[in-house]
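# Coordinate analysis (summary)
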Amino acid sequence: MSTEKTNQNGLAASAPAAAARHAIPTYPPPESESEESWVWAQIKAEAHRDAESEPALASFLYATVLSHNSLAFSLAFHLANKLCSSTLLSTLLYDLFLQSFSSKPSLISAVVADLLAARHRDPACVSFSHCLLNYKGFLAVQAHRVSHLLWAQHRRPLALALQSRIADVFAVDIHPAARIGKGILLDHATGVVVGETAVIGNNVSILHHVTLGGTGKAVGDRHPKIGDGVLIGAGATILGNIRIGEGAKIGAGSVVLINVPPRTTAVGNPARLVGGKDKPARHDDVPSESMDHTSFIQEWSDYII
C-alpha cells in the first residue's frame, strides 16, 4: 500500500518519496548552470514543498508558480493579478508584462539578480518563492522595470497609469523615467519614493521610507544619483542632483543635501560625513551586501562630541 497521498489539486502530499522528488537545490547556484534556470528550479521545488505542507495555499501556488513553464510567465501572471483594477484588467497586464519580459531579456536577468540579492542579504527571506510571491519591494521594482520600458517607448500615459497602481498596491512610488540597476533590495519598502531623474546603480540596498527627491520646483536633472553598492538606511531623505558614491552608506533618518564620496558614511540632519568633510573616514566593505547599519556609530559619536 502506497504511503503517498494527494490533495485536491493532485499535488503529492508530504511522503518521503515526494520530499525526495521535490528536493530543493543547494545554495548558491553551481557555475555550470545558468542563474535563471537554477533560481526557477529552486522556486518550483519550494512551491511544491509549501503546497504539500500547507494545503490551504496549494491552489494559489499551483496557479501562480507550478502551472507555469518559466519565471517570466509566473511573474507576469502574479504581477497582473496584484496590479489589476477596473481600468487595468489582469489580462491586459499579463500580456503587457509577458511581452516586456520576452522582448527584453535583460529584465529577467535583473529579476534573477534581485531575487538573489533578497535571499542573500535579508535574513527574513526564507526562500526565493517567498520573495517572488510576497515581497512587495521586489514586486514593485519588477513592475517599475516594465513601466520604465513603456516610458522609453513613449507609451507614457500607460507608464504613468502603471506607476499609480504600483504606488496604490505596494506603497512604493517610483517615477517611470527613473533608472534602476540590478541586484536591488527594497527591504520592507513601504514609503519608498524615487523621483523622475534619479538613477540607482547595481547592488543597492534601500530600506523603508527612503526618499530620492528634488529640492523644489526646479525642472531638468534634479534628483540623486546612487552609485553601486550603496546602503541607504530607513527614513533617509536624499535631495537634489547630488552623487552618492560607490559603496557609500547613508545612516537612518539622515537628510542628505551634499555629495557623498565613495565608501564613506553620511549621518544626521543635515547629514555630515563621518570623520569630517576634509578627511572622511572610509570603509572597505560593501555596505549594501553586509547590511551593517551600526559600524559607524562610535566614530560618529567621537566626531560630534
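Just so you know, the residues in each chain are numbered from 1, in the order the chain's sequence is written. The model is predicted, so local features are restricted to residues of pLDDT at least 70 and side-chain atom pairs to those at 80 or more, both for listing and for counting; the totals for chains, interfaces and linings are taken over all residues. Think of the side-chain values as coming from all heavy atoms in the structure, minus any hydrogens and water.

## What to know about the overall build of the protein chain
Comment: elements are numbered from the N terminus, with helices defined as DSSP H or I runs of at least four residues and strands as E runs of at least two. Within the protein chain, the secondary structure is distributed over eleven helices and 15 strands. Only protein chains enter the area calculation, which uses a 1.4 Å probe; residues under 20% of their type maximum are buried, those over 50% are exposed, and those in between are partly exposed. Every one of the 305 residues in the protein chain was classed for burial, and the buried ones make up 49%. What sets the accessible areas is the Shrake-Rupley method with a 1.4 Å probe; for residues, cover comes only from the shown protein chains. Accessible area for the protein chain stands at about 14100 Å²; split by element, carbon and sulfur atoms hold 54% of it.

## Focus: the side chain of histidine 68
Mapped onto the secondary structure, histidine 68 falls in the loop between helix H3 (58–66) and helix H4 (71–83). Here a residue-residue contact requires only that any non-hydrogen atoms of the pair lie within 4.5 Å. When near neighbours in sequence (up to four residues on either side) are disregarded, histidine 68 contacts Trp40, Lys44, Ala63, Phe73, Ser74 and Phe77.

## Examining the pairing of strand S14 (residues 265–268)
Two strands pair when backbone bridges link them, and strand S12 (residues 249–250) and S14 are joined in this way by two bridges, in the parallel orientation. In the sheet register, lysine 249 faces S14, and the bridge partner there is threonine 265. Only strands that DSSP links by at least two bridges are regarded as paired with each other. Where S14 and strand S15 (residues 271–273) come together, three bridges link them in antiparallel fashion. By the bridge assignment for S15, alanine 266 is matched with leucine 273. The hairpin turn running from S14 into S15, its antiparallel successor, is two residues long.

## Some thoughts on the sheet that holds strand S6 (residues 205–207)
The six strands lie next to each other as S3-S6-S9-S12-S14-S15, forming an open sheet whose pairing is mixed. Strand pairing shows two members of the sheet lacking a second neighbour, strand S3 (185–187) and S15, which therefore form its edges.

## Let's talk about the packing of aromatic side chains
Think of it this way: a Phe, Tyr or Trp ring, Trp meaning its six-membered ring, pairs with another when their centres are within 6.5 Å, and the plane angle makes it stacked under 30 degrees, edge-to-face over 60, tilted otherwise. By the definition in use, this model includes two aromatic pairs. Here tryptophan 38 and phenylalanine 128 contribute two aromatic rings whose centre-to-centre distance is 5.6 Å and whose plane-to-plane angle is 90 degrees, an arrangement assigned as edge-to-face. Here tryptophan 38 is found in helix H2 (residues 35–53), whereas its partner phenylalanine 128 is found in helix H7 (residues 128–134), with 90 residues between them in sequence. Aromatic pair phenylalanine 97 and phenylalanine 101: ring centres 6.5 Å apart, planes at 20 degrees, arrangement stacked. Taken as a pair, phenylalanine 97 and phenylalanine 101 lie in helix H5 (residues 90–103) at a separation of four residues, close to a single helical turn. There is no split in this pair, since phenylalanine 97 and phenylalanine 101 are both buried. Over the ring of phenylalanine 128 we find arginine 119; its NZ or CZ atom is 6.0 Å from the centre of that ring. Sitting over a ring, as applied to charges here, requires NZ of Lys or CZ of Arg to be within 6 Å of the ring centre and within 35 degrees of the ring normal.

## Re the sheet that holds strand S10 (residues 237–239)
Spatially, S1-S4-S7-S10-S13 is the arrangement adopted by the five strands of the open sheet, whose pairing is parallel. Pairing within the sheet leaves two strands with one partner each, and these edge strands are strand S1 (172–174) and strand S13 (255–256).

## Focus on the environment of leucine 150
Within the fold, leucine 150 resides in helix H8 (residues 136–152). In this structure, the C-alpha to C-alpha distance between leucine 150 and proline 176, residues 26 residues apart in sequence, is 8.0 Å. The residues touching leucine 150, leaving out its near neighbours within four places in the chain, are Leu96, Arg155, Arg156, Leu158, Ala159 and Leu162.

## Quick look at the environment of threonine 294
With respect to the secondary-structure elements, threonine 294 resides in the loop between helix H10 (287–290) and helix H11 (297–304). Threonine 294 gets classed as exposed once you look at its relative accessible area, which sits at 52%.

## Considerations on the packing of H3 against H4
The description of two helices packed together rests on the angle between their axes and the distance between the axes. Angles here are taken between N-to-C directions and fall from 0 to 180 degrees, while the axes themselves are lines fitted to C-alpha atoms, restricted in helices to the stretch in contact. It is at 8 Å that the axes of H3 and H4 come closest, and there the two elements cross at 125 degrees. By the angle class used here, H3 and H4 are oblique. Mapping the contact onto sequence places Phe60, Ala63, Thr64 and Val65 in H3 and Ser74, Phe77 and His78 in H4. By residue class, the composition of the contact of H3 with H4 is four nonpolar, three polar and no charged. In this scheme, roughly parallel covers angles under 35 degrees and roughly antiparallel covers those over 145, while 65 to 115 is roughly perpendicular and the rest are oblique. The residue classification treats Ala, Val, Leu, Ile, Met, Phe, Trp, Tyr, Cys and Pro as nonpolar and Asp, Glu, Lys and Arg as charged. All others, Gly included, are polar.

## Considerations on the nonpolar core
The criterion is simple. A nonpolar core is a set of buried Ala, Val, Leu, Ile, Met, Phe, Trp, Tyr and Cys residues joined through side-chain atoms within 4.5 Å. Among the nonpolar cores identified, the biggest contains 84 residues, and Phe97, Phe101, Leu115, Ile232 and Ile244 are the most heavily contacted of them. Counting residues per element, this core draws most heavily on H8, which supplies nine residues. Setting aside residues up to four positions removed in sequence, isoleucine 244 forms contacts with Lys225, Ile226, Gly227, Val230, Ile238, Ile250, Val256, Ile258 and Val260.

## Some thoughts on unusual backbone geometry
A cis geometry characterises the amide bond from asparagine 269 onward to proline 270, with omega recorded as -5 degrees. Inspection of the secondary structure assignment puts proline 270 in the loop between S14 and S15. Positive phi, normally seen in glycine, also occurs at alanine 189, with a value near 80 degrees. Mapped onto the elements of the fold, alanine 189 is located in the loop between S3 and strand S4 (192–194). Taking the relative accessible area as the measure of exposure, alanine 189 reaches 0% and is therefore buried. Phi at methionine 291 is positive, roughly 55 degrees, even though this residue is not glycine.

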